[in-house]
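Breakdown of the fold
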Amino acid sequence: SKLIETEQNPVSTFYEFNLENSSLDHGEVRLAQSGEWAIIIIQPPDDAEILEDDLDLAPWGEIAYLNISPDVPPEGMIAYTYDSDGVLVSFHFNEESRKLDSVVVEWGESE
């Protein structure tokens, strides 16, 4: 699908996109005005039931960072982050249900 610009500020430009024929249906791209970093956030539809046990995260290797945020609504968030040759790939799950909330890919030095 096409990238649609949604916002721009002195630091970054935001875009949204939709994915076709995928269990992850939409996302956002944040590109630094400087070109030094980018972030892609991909999310499943609200009614999707993709659970942590449904995904094989073993090919990503060892977890580089584990972030548990119990105060994120509605039930807390747990994120497993993997370092793939300097590109960070994070899988964010609702803490209690372990339902996939998003997949985040980051590279470069973000602010």
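The sections below set out a description of the structure shown in this document. By convention here, each chain's residues receive numbers from 1 onward along its written sequence. A pLDDT threshold of at least 70 governs which residues receive local features in this predicted model, and a stricter bar of 80 or more applies before side-chain atom pairs are shown or counted, although totals over entire chains, interfaces and linings include all residues. Values shown for side chains rest on all heavy atoms present in the structure; no hydrogens or waters enter the calculation.

Focus: the overall build of the protein
Rule in force here: By the criteria applied, helices consist of DSSP H or I runs no shorter than four residues and strands consist of E runs no shorter than two, each listed in order from the N terminus. Based on C-alpha atoms, the radius of gyration is set beside the globule rule, defined as 2.2 Å times the residue count to the power 0.38. Only protein chains enter the area calculation, which uses a 1.4 Å probe; residues under 20% of their type maximum are buried, those over 50% are exposed, and those in between are partly exposed.
Counting secondary structure elements, the protein contains zero helices and eight strands. Walking the protein from its N terminus toward its C terminus, one meets helices and strands in the order β-β-β-β-β-β-β-β. Here the protein has a C-alpha radius of gyration of 15 Å; the compact-globule value for 111 residues is 13 Å, and the two agree. Each principal axis of the C-alpha distribution contributes one length, and for the protein these read about 40 × 30 × 30 Å. Across the 111 residues of the protein, 34% fall into the buried class.

Section: the pairing of strand β8 (residues 100–108)
The condition that has to hold: Only when DSSP finds a minimum of two bridges between them are two strands counted as paired.
The sheet contact formed by strand β4 (residues 37–43) and β8 spans six bridges and is antiparallel. Its bridge partner being in β8, I39 is matched across the sheet by E106. Summarising the sheet, strand β7 (residues 87–94) and β8 pair through six bridges and their orientation is antiparallel. Note on β8: the bridge partner recorded for S90 is V104. Taking the residues between adjacent antiparallel strands as the criterion, β7 and β8 are bridged by five residues, where R98 takes a positive phi near 60°.

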